[in-house]
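The chain contents come next:
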Amino acid sequence: MTPKELVLDFYKNDLILDKSEVNEFLHPDILIEWNSSKGFIQMNKEDVLNLTDQLSKAYVRSKMRITHCITEGNMVSVRYTHFVKTIENPREEMLLAHFFVIWEVKDNKLYRGYQMSQFS
């Protein structure tokens, strides 16, 4: 699988809500540096899996609409918008945030992520 295919597979609908599936994509030494509208966050594998647990408790559906995907070697840049459906209102799709992330792929896993987001 190419780095681009790996990253695009990671952003499939609802995958982020399934801890076991997310775990399959993560390198044991993953590190994400995330600049969000709430500040800077560093996340390791355990943090990412805990976030997946939190998301699965709040949302019944998750969809990423990718607008850009650029690859150079083992680096993949993705611009996307994340939409969710809440447990309280599963019929209405809600815009969660806009994202831009640069992934470094190592050993066919997500190894380093440099992400920026802006809540809707």
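In case you missed it, the structure is sitting above this.
With that out of the way, let us pick up the sheet that holds strand β5 (residues 94-106). Reading across the sheet, the six strands line up as β2-β1-β6-β5-β4-β3 and stay open at both edges, with mixed pairing between neighbours. Edge positions in the sheet fall to β2 (39-43) and β3 (59-72), since each of these pairs with one other strand and no more. Taking the axes of each pair of neighbouring strands and ignoring which way they run, one obtains an average angle of 20° across the sheet. When β5 meets strand β6 (residues 109-119), the two strands line up antiparallel, connected through ten bridges. Note that in β6 the partner of Val101 across the bridge is Gln115. Running at roughly 150° to β5, helix α1 (residues 3-10) makes contact with β3, β4 (75-86), β5 and β6 of the sheet.

Taking 1.5 Å as the rise per residue, helix α3 (residues 45-58) with 14 residues should run 20 Å; its terminal C-alpha atoms sit 20 Å apart, in good agreement. Listing the buried residues of α3 in full gives Val48, Leu49, Thr52 and Leu55. On an axial view of α3, the arc spanned by its buried residues comes to 115°, and they lie on one face. Facing away from the buried side of α3 by over 90 degrees, the exposed positions are Glu46, Gln54 and Lys57. Looking at the buried residues of α3, the elements they touch are α2 (19-25), β1 (26-36), β2 and β3.

Turning our attention to the pattern of salt bridges. With the rule as written, the count across this model stands at five salt bridges. Its salt-bridge partner being Asp9, residue Lys12 comes within 3.8 Å of it at the nearest N-O pair. Note on Asp9: relative accessible area 23%, which makes it partly exposed. Salt-bridge contacts for Arg65 lead to Glu93; the nearest nitrogen and oxygen are separated by 3.0 Å. Placement of Arg65 in strand β3 and of Glu93 in the loop between β4 and β5 is noted, with a sequence separation of 28 residues between them. Connected through salt bridges with shared partners, the residues Lys63, Arg65 and Glu93 form a single ionic network.

So, how was this worked out
Residues numbered from 1 in each chain as written. Predicted model: local features only at pLDDT ≥ 70, side-chain atom pairs only at ≥ 80, totals over all residues. Heavy atoms only, no water. Pairing = 2+ DSSP bridges. Helix = DSSP H or I, 4+ residues; strand = E, 2+ residues; numbered from the N terminus. Axes fitted to C-alpha atoms, helices over the stretch in contact; angles between N-to-C directions. Contact = heavy atoms within 4.5 Å. Expected span 1.5 Å × (residues − 1). Buried < 20%, exposed > 50% of the residue type's maximum accessible area, 1.4 Å probe, protein only. Arc of directions from axis to C-beta. Salt bridge = Lys/Arg side-chain N within 4 Å of Asp/Glu carboxyl O.

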